[in-house]
Amino acid sequence: MPSYAARWLARPTDWRRIATRVCVVCPWHDRYMETAQALSSSEAYTIAELRALVKSGGLRVPQFQRSFRWDGKDVLSLFDSILRGFPFGSLLLWQREAEAEDLLIGALHVEAPARSDALWVVDGQQRVTSLVNAIDPEGAQDPRFALGYSLRQKAVVGGRSLEEPLVIPLPDLFDFSRALAWLADNPDAADQATHVQEMAGRLNRVTVPATVMKQADEQTLREVFDRINSRGKRLNAAEIFNAIHGGPEAGNTTSGIAAGVHAQTRFGLLDDKVVVQAILVRRHTDITRDVHGEFSESRRRVSDFREESEAEAYRATERALVQAVRFLQERCGIPHLVFLPFRFQLLVLTRFFALFPEPADRNLELLSRWLWRTSAGADALGISGSQTDLRDMAARVRRGEESASVQRLLEAVDLSESPQPPELTVFRATRADSKMILAALWNLHPVDVRTNEPLTIEALAEQLEGETTPRAVVADLVPPSELEDQAPVAASKLISVLDRRELLTALDAQVDLGSLLLDETMLERLQANEFSEFLRLRAEALQGYLTDFLMVRTAWGQEDTPPLSDYVFGEEA
């Protein structure tokens, strides 16, 4: 028999009336209700309903949400929990209007129309994306969502197990008509028809609990999202920053800024962490500060941009990044992000161009020297690309002091000896000195051997799409297996969009060999498989070229005087 209290709580109740009565003794109630920032309701959705919402554009993922992080094991674990009757979490959704847009939810492309009642996923994106894609024939083509149910193991399987007999793909198991068709095509599973029907029913009956928030503003959702981050897989700093400060517009997110910079420059997609650091270092040099209060009144007072809003900060950061990237490409000869020796160089330049969007041409020349001195003199100067390097260099760039900022940067990289070229016996695509070699080779304007026309930044960017290192555009002239110990490995490298076999097939005396730091003698040795002699000749050429290149780029021995316009000349006596 339920207790009196339990029976009383279960009765239909006019809670508004009771709340009003409580207010007689609880005067804080009205004040509390006035502060409520959202209304919410409890719902439950079948997987089919979630799929229909996604494919109709009724379910959206806010721009400030994290990207899809799960791999195949996570998705498999989710469906294993579902089919075994284990709890697998709930969703938090936000009901609000949505513009028409092209969406990519996992592997599903959706042309979503504008809606006034769209549901935005605040918490549960990984689960929703996994559920919908794994049971959809299109989504399940993606290896992350390719799962099946093994009638032998009585379990959800993925990977190579999908090729085993009596494994029904989840999209077929989910859809009764497809399940029947699968059984017809797999007569060995005829005695399992009842079990297939049972599991299909279980998959179709499962519901996903959800809380739908209504009449909530964007700031409330960011706060909710930030609080959710206190449990489960923690978000990284960039995701937290987006959650708290980003907006629904693409430009008001780190990924939106990265996409905007790449679209304008073809420099490659910046990592979210780098974009957050750009936003922070542009406003103040302490990049280790807590991001939660970035636009609070106290933080604004110490910012170099006190009056700007969050949206203005995002837009201004993109502009400064674009200007910094174009400077790297046009003045410094760094065509793509993966050729940049150190990321902090881009961030310091972003702060500089944010404070001085129209610098003197002489200061641009001096900034290029600074970049190449930090690259060529990294070992001698103790530069490793750390946050300390970023903080120390960024602190030298101060509002209202354009030329003085440049001079302070140069003082930090005062080389006591002429810059030495990198060691040629070591080459790794992730090393700063190896990237410096590639940047130097790029400044020879290497040709595409098929057309004998110089490679373009656009061609480079196309080949490097999705890459985090320059490996995709670095060809080996000598097979790695033919390299002896202490061989000048770097002398075997060449910038090309072709692999070694295609490259050597098209490489002949008609090609502009000089742009590839080759000559006819080297080519003859290479084609005769005289690899040791080829490497000796090219290493000699590369050593000489790098020495001259770095002397010119660092302007070793030249005066670093500021612009003449900075000098004030008095009247003649």
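Every chain's residues receive numbers from 1 upward, in the order its sequence appears when written. Selection of residues for local features in this predicted model requires a pLDDT of at least 70, selection of side-chain atom pairs for listing and counting requires 80 or more, and totals for whole chains, interfaces and linings are taken over all residues. Heavy atoms throughout the structure, all of them, feed into the side-chain values; hydrogens and water do not.

Q: Any chance you could break down the overall build of the protein chain for me, citing the residues and the numbers?
A: When its secondary structure is counted, the protein chain shows 25 helices and 14 strands. Partitioning the contacts of the protein chain with sequence separation of at least 6, the portion at a separation of at least 24 is 70%. By element, 48% of the accessible surface of the protein chain is carried by carbon and sulfur atoms, the whole surface being about 28600 Å². Secondary structure follows DSSP: runs of H or I at least 4 residues long count as helices, runs of E at least 2 residues long count as strands, and numbering of each begins at the N terminus. Any two residues having at least one pair of non-hydrogen atoms within 4.5 Å are treated as being in contact. Residue exposure ignores everything except the shown protein chains as possible cover, and the areas themselves are Shrake-Rupley values with a 1.4 Å probe.

Q: Go over helix α13 (residues 272–283), please, and point to the residues and values.
A: Here the expected length of a helix is defined as 1.5 Å per residue gap, with one fewer gap than residues. Here α13 spans 17 Å end to end across 12 residues, near enough to the 16 Å set by a 1.5 Å rise per residue. With 10 of 12 residues buried, α13 is to be regarded as a mostly interior element. Restricting attention to buried positions, one finds in α13 the residues Val 274, Val 275, Val 276, Gln 277, Ala 278, Ile 279, Leu 280, Val 281, Arg 282 and Arg 283. Residue exposure (1.4 Å probe, protein chains only): buried if accessible area is under 20% of the type maximum, exposed if over 50%, otherwise partly exposed.

Q: Tell me what's going on with the nonpolar core, and back it up with residues and numbers.
A: Throughout, nonpolar core names a set of buried Ala, Val, Leu, Ile, Met, Phe, Trp, Tyr and Cys residues whose side chains join them through atoms within 4.5 Å. Ile 334, Phe 339 and Trp 370 are the most contacted members of the largest nonpolar core, which has 101 residues in total. In terms of residues, this core owes the most to one element, helix α25 (residues 531–554), which gives 10 residues. The residues touching Trp 370, leaving out its near neighbours within four places in the chain, are Phe 344, Gln 345, Val 348, Leu 349, Met 393, Leu 409, Leu 410 and Val 413. Leu 91, Leu 108, Val 110 and Phe 174 belong to the second largest nonpolar core, which has 51 residues in total.

Q: Could you give an account of the pairing of strand β5 (residues 108–112), naming the residues involved and the relevant values?
A: Of the two faces of β5, only one is covered, namely that formed by Leu 108, Val 110 and Ala 112; the face formed by His 109 and Glu 111 stays uncovered. The sheet contact formed by strand β4 (residues 101–105) and β5 spans five bridges and is antiparallel. Note on β5: the bridge partner recorded for Glu 101 is Ala 112. Should DSSP find at least two bridges between two strands, the strands are taken to pair. Between β4 and β5, which follow one another and run antiparallel, lie two residues, and Gly 106 among them has a positive phi close to 65 degrees.

Q: Describe the confidence of the model for the protein chain, with residues and values.
A: On average, the protein chain scores 85 in pLDDT, and the residues at 70 or more come to 85%. Values of pLDDT, which run from 0 to 100, indicate the predictor's confidence residue by residue. The low-confidence segment residues 1–36 (pLDDT under 50) makes six contacts with residues lying over four places distant or belonging to another chain.

Q: Account for unusual backbone geometry, with residues named and values stated.
A: Backbone phi values are negative for most residues with the exception of glycine, while trans is the configuration of most peptide bonds. Positioned with a positive phi, Asn 452 is a non-glycine residue whose angle comes to about 65 degrees. Tracing the chain through its elements places Asn 452 in the loop between β11 (447–448) and β12 (453–454). Look at Asn 529: it is not a glycine, yet its phi comes out positive at around 60 degrees. Classification of Asn 529 as exposed rests on a relative accessible area of 53%.

Q: Please provide a residue-by-residue account of the pattern of salt bridges, values included.
A: By definition here, a salt bridge exists when the distance from a side-chain nitrogen of Lys or Arg to a carboxyl oxygen of Asp or Glu is within 4 Å. Under the definition given, this model contains 28 salt bridges. For Asp 142, the salt bridge identified is with Arg 144, shortest N-O distance 2.9 Å. Relative accessible area serves as the criterion here: at 17%, Asp 142 is assigned to the buried category. Assessed through its relative accessible area of 28%, Arg 144 is described here as partly exposed. With its nearest N and O atoms 3.0 Å apart, the salt bridge here joins Glu 294 to Arg 299. Exposure remark for Arg 299: the relative accessible area of 19% places this residue in the buried category. Each of Arg 282, Arg 283, Arg 289, Glu 294, Arg 299 and Glu 308 takes part in one network of salt bridges that share partners.

Q: Please provide a residue-by-residue account of the sheet that holds strand β8 (residues 155–158), values included.
A: The strand order β8-β7-β9 describes an open sheet built from three strands, whose pairing is antiparallel. Edge strands, defined here as strands with exactly one partner in the open sheet, are β8 and β9 (167–169). The mean inter-strand angle of the sheet, taken between neighbouring strand axes irrespective of direction, is 40 degrees. A fitted line through C-alpha atoms represents every axis, and for helices the fit uses only the stretch in contact; the resulting angles, taken between N-to-C directions, go from 0 to 180 degrees.

Q: Please set out the packing of helix α4 (residues 47–55) against helix α6 (residues 125–134) residue by residue, giving values where relevant.
A: Following both chains from N to C, one finds α4 and α6 inclined at 95 degrees, their axes separated by 9 Å at the closest point. Judged by the inter-axis angle, α4 sits roughly perpendicular to α6. In this structure, α4 uses Ile 47, Leu 50, Arg 51 and Val 54 to contact α6, whose residues at the interface are Val 128, Leu 131 and Val 132. Each residue is assigned to one class: nonpolar for Ala, Val, Leu, Ile, Met, Phe, Trp, Tyr, Cys and Pro, charged for Asp, Glu, Lys and Arg, and polar for all the others, Gly among them. Residues of the contact of α4 with α6, tallied by class, amount to six nonpolar, no polar and one charged. Each angle gets one of four labels, with under 35 degrees taken as roughly parallel, over 145 as roughly antiparallel, 65 to 115 as roughly perpendicular, and the rest as oblique.

Q: I'd like to hear about the sheet that holds strand β1 (residues 39–46), residue by residue, with values.
A: As summarised here, the arrangement of the five strands in space is β1-β10-β3-β6-β2, forming an open sheet in which the pairing is mixed. What marks the edges here is a single partner per strand, and that holds for β1 and β2 (59–60). Of the strand pairs in this sheet, β2 and strand β6 (residues 115–123) are connected by two bridges, and their pairing is parallel. Opposite Leu 59, over in β6, you have Leu 119 as the bridge partner. Seen against the sheet, α4 touches β1, β2, β3 (91–98), β6 and β10 (207–214) and runs at an angle of roughly 110 degrees to β1.

Q: With reference to specific residues and values, describe the packing of aromatic side chains.
A: Two rings from Phe, Tyr or Trp (for Trp, the six-membered ring) form a pair when their centres sit within 6.5 Å of each other. Planes less than 30 degrees apart are called stacked, planes more than 60 degrees apart edge-to-face, and all others tilted. With the rule as written, the count across this model stands at seven aromatic pairs. Taken together, the ring pairs in this structure connect Phe 327, Phe 352, Phe 353 and Phe 356 into an aromatic cluster. Across from the ring centre of Trp 94, 4.8 Å away, lies the NZ or CZ of Arg 96, which sits over that ring. The ring of Phe 305 carries Arg 282 above its face, with NZ or CZ at 3.9 Å from the centroid. Consider the ring centre and the ring normal. A charge sits over the ring if Lys NZ or Arg CZ is within 6 Å of that centre and within 35 degrees of that normal.

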